[in-house]
Protein chains: 2
Amino acid sequence: MSRQNQKTRDRILTAAWQLLESGGTVRMSDIAKKAGISRQALYLHFPTRADLLVATTRHLDLVKNVDERLAASRAAASGRERLALFVEAWGNYIPEIYGVARALMAMEDSDEEARNAWADRMRAVREGCAAAVMMIEADGLLAPHLSRDTATDLIWTLLSVPNWERLRLNCGWSQQAYIAEMKRLTEAAIIAPGG
Amino acid sequence: MSRQNQKTRDRILTAAWQLLESGGTVRMSDIAKKAGISRQALYLHFPTRADLLVATTRHLDLVKNVDERLAASRAAASGRERLALFVEAWGNYIPEIYGVARALMAMEDSDEEARNAWADRMRAVREGCAAAVMMIEADGLLAPHLSRDTATDLIWTLLSVPNWERLRLNCGWSQQAYIAEMKRLTEAAIIAPGG
DNA sequence: ACACAGCTTGACACGGCGTCAAGTTGACAG
DNA sequence: CTGTCAACTTGACGCCGTGTCAAGCTGTGT
């Protein structure tokens, strides 16, 4: 993979990202045009649409430093704090990947690869949730009727992209309101009453 | 619209419903085949795919008596009871329409008509949520930091189809567990602490 | 005997994705 | 200076699913 090759690849990924972010349907030809290359050159770099989308998320992850941001909650002294920090980190990351996420989710039904790629990212988020749950349990604050898994399921679901989409885009909430309410809700969902 | 016409129409709607319910991608030709007619006859009854899907939901609503079921919560004596009854009614309705809902949601991006049809149904659900919120507020139990609208947004989001999908299908929850936890969560989301 | 509604058969256009074959261009090696 | 090779271009094509069009068949009602 020569220098020129890498350069074009980056241009493609950036183009894809920008187009997806600005919404609407995005065709392969749109991306090629925006990247300033022919449609066929696109296929030389990414054999299928799914490949391109997957590569775009990986690229975004690199540029935006997800891992580091999601790991920030590790510094927390308590389970509650860890949960709050995680909600903040992930919740603020969603808008940055929303365009790509949407495209990937739309392909889930029809494309195995897209489905796996998205499931993978969601697994990473779930691990963040699980870590917070674990710490909360260690603090003796986990609601008694919930198992670790069930509690993880709950906050993982609360923090899903469709929920963000609904509250922010359909209901018109501000990002700040979303984060604040999600912190409260996730706590209410899994912390023992009176805890 | 003669008798024969109506009969075929019903066969089509039933076929569409069964296929959508059993999952996977469903093409117009699949529906025609299942209904025992030609693909073209299908287009004589429903000019577009969106039309067919919309008609299928309306048909389901009739057969399944949604309105009546959602209205059941009106009998409630208290806001909390009303909320619980509504969660139960809607939460148990979701699995019955899930197949069609999925198809309709998948078309949201590309088709205006599908988007409107789905938004319409969701509006009906939202009204149910709003009614419960109203009654809870009247009981003096609405969490003080929430407006009526914000509270409605919250439980409406909690009760969304994607959340049901995630908990039941991804996380493997039983329907019973889903309903029970949703009752608890919606309460925790909007009822004043210690209420 | 005729009309007409409801259907069938078979062909076609279109938009996206993905593929194929035959160039062009520019850098670098001998 | 020549040859090679990688990166890219141009233009055509196949596939698939939706939606359209035209012509013909069939049973019922008048």
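Residues numbered from 1 in each chain as written. Chains lettered and ligands numbered in written order. Predicted model: local features only at pLDDT ≥ 70, side-chain atom pairs only at ≥ 80, totals over all residues. Heavy atoms only, no water.

1. A word on the UniProt feature "domain: HTH tetR-type" (unreviewed entry) in chain A
Under the convention used in this document: UniProt positions are given in the numbering used here, feature names are shortened, and annotations may be inferred rather than shown by experiment. In this text, helices come from DSSP runs of H or I with a minimum length of four residues, and strands from runs of E with a minimum of two, each type numbered from the N-terminal end.
In this numbering, the UniProt entry assigns the feature "domain: HTH tetR-type" (unreviewed entry) to residues 6–64 of chain A. The annotated region residues 6–64 of chain A carries 80% helix and 0% strand content, and the separation between its end C-alpha atoms amounts to 19 Å.

2. Remarks on the environment of P162(B)
Worth spelling out the cut-off: The cut-offs for exposure are 20% and 50% of the maximum accessible area for each residue type, with area from a 1.4 Å probe on protein chains only; residues under the lower value are buried, those over the upper are exposed, and the others partly exposed. We call two residues in contact when some of their heavy atoms are within 4.5 Å.
Mapped onto the elements of the fold, P162(B) is located in helix α9 (residues 161–170). We classify P162(B) as buried; its relative accessible area is 19%. With 33 residues separating them in the primary sequence, P162(B) and G195(B) have C-alpha atoms 29 Å apart. Ignoring anything within four residues of it in the chain, the contact list for P162(B) reads P162(A) and M105(B).

3. Notes on the nonpolar core
The condition that has to hold: In plain words, nonpolar cores are sets of buried Ala, Val, Leu, Ile, Met, Phe, Trp, Tyr and Cys residues tied together by side-chain atoms within 4.5 Å.
Within the largest apolar cluster, 132 residues are counted, with the highest numbers of intra-cluster contacts made by W90(A), I190(A), W90(B) and I190(B). Residues within four places of W90(A) in sequence aside, it is in contact with L70(A), I97(A), M122(A), V125(A), L159(A) and V161(A).

4. Considering the relation of the copies chain B and chain A
How we decide: Least squares is the method for superposing the copies, and the C-alpha atoms it fits come from residues with pLDDT of at least 70 in both.
Mapping chain B onto chain A calls for a screw motion: a turn of 180° about the axis and a shift of 0.0 Å along it, with 0.1 Å RMSD after fitting. On the angle and the small slide along the axis, the relation comes out as a two-fold axis. Among all residues of chain B, the minimum C-alpha distance to the rotation axis is found for A188(B), at 3.0 Å. Looking at the interface residues of chain B, 100% of them are also at the interface in chain A, so both copies use one shared face.

5. A closer look at the protein's contact with DNA strand D
Put simply, the rule reads: Neighbouring residues are identified by heavy atoms, a residue being near a molecule or strand if any of them is within 4 Å of it. Polar contact is defined as a pair of N or O atoms within 3.5 Å, subject to the rule that within protein one atom must be able to donate a hydrogen and the other to accept it, and that residues adjacent in sequence are counted only when both atoms are side-chain atoms. The residue classification treats Ala, Val, Leu, Ile, Met, Phe, Trp, Tyr, Cys and Pro as nonpolar and Asp, Glu, Lys and Arg as charged. All others, Gly included, are polar.
Within the structure, DNA strand D sits among 18 residues, and T8(A), S38(A), H45(A), Q40(B) and R49(B) are positioned closest to it. Between DNA strand D and the protein, one listed contact pairs a phosphate oxygen with a side-chain N or O atom of H45(A) at 2.6 Å. In this structure, a base oxygen belonging to DNA strand D sits 2.7 Å away from a side-chain N or O atom of Q40(B). Secondary-structure elements contributing two or more residues to the surface near DNA strand D are α1 (3–21) and α3 (39–45) of chain A together with α3 (39–45) of chain B. A per-element tally of the surface near DNA strand D places α3(A) first, with five residues. Looking at side-chain class alone, the surface near DNA strand D contains six nonpolar, eight polar and four charged residues.

6. Digging into the pattern of salt bridges
All names here are of chain A. For the record, the criterion: The term salt bridge refers to a side-chain nitrogen of Lys or Arg lying within 4 Å of a carboxyl oxygen of Asp or Glu.
As enumerated under the stated definition, the model contains 24 salt bridges over all chains in all. The partner of D120 in a salt bridge is R123, and the shortest N-O contact between them spans 3.1 Å. With D120 and R123 both in helix α7 (residues 112–138) and three residues apart, this pair spans about one turn of that helix. Given a relative accessible area of 38%, D120 falls into the partly exposed group. We classify R123 as partly exposed; its relative accessible area is 45%.

7. Quick notes on the packing of aromatic side chains
Aromatic rings in a pair are described by how distant their centres are and how their planes are angled relative to each other. Operational definition: Note on aromatic pairs: the rings of Phe, Tyr and Trp (six-membered ring only in Trp) are paired at centre separations within 6.5 Å, and the planes decide the class, stacked below 30 degrees, edge-to-face beyond 60, tilted for the rest. Whether a charge sits over a ring comes down to the Lys NZ or Arg CZ being within 6 Å of the ring centre and within 35 degrees of the ring normal.
Across all of its chains, the model carries four aromatic pairs over all chains by this definition. When the centroid spacing of 6.2 Å and the interplanar angle of 50° are considered together, the rings of W90(A) and Y93(A) count as tilted. You can see W90(A) and its partner Y93(A) sitting in helix α6 (residues 79–107), three residues apart, about one turn around the helix. Per residue, the accessibility class of W90(A) equals that of Y93(A), and both read buried. Their ring planes at 50° and their centres at 5.1 Å tell us that Y98(B) and W164(B) sit as a pair that is tilted. Pair noted here: Y98(B) is in helix α6 (residues 79–107) and W164(B) is in helix α9, with a separation of 66 residues, a long-range link. Take Y98(B) and W164(B): they sit in the same class, and that class is buried. Against the face of W156(A) rests R126(A), its NZ or CZ located 5.1 Å from the ring centre.

8. Regarding unusual backbone geometry
All names here are of chain A. The backbone phi angle of N65 is positive, close to 65°, even though this residue is not glycine. Here N65 is to be found in the loop between α4 (49–64) and α5 (66–71). We classify N65 as partly exposed; its relative accessible area is 36%.

9. Focus on the interface of chain B and chain A
The condition that has to hold: Values labelled buried area give the accessible surface lost by two parts on being combined, using a 1.4 Å probe and summing over both.
Facing the 25 residues of chain B at the interface are 25 residues of chain A. When chain B packs against chain A, the two sides together hide about 2,300 Å² of surface, and 61% of this comes from carbon and sulfur. Contact with chain A buries surface across chain B, with T157(B), R166(B) and R184(B) losing the most and accounting together for 24% of the total. The interface formed by chain B and chain A includes two salt bridges. Where D109(A) meets R102(B), a salt bridge forms, and the shortest distance between an N and an O atom there is 2.9 Å. Viewed at the interface, chain A and chain B are joined by 11 residue pairs in polar contact (both at pLDDT 80 or more). Every element with two or more residues in the side of chain B that touches chain A is listed here: α6, α8 (148–158), α9 and α10 (175–190) of chain B.

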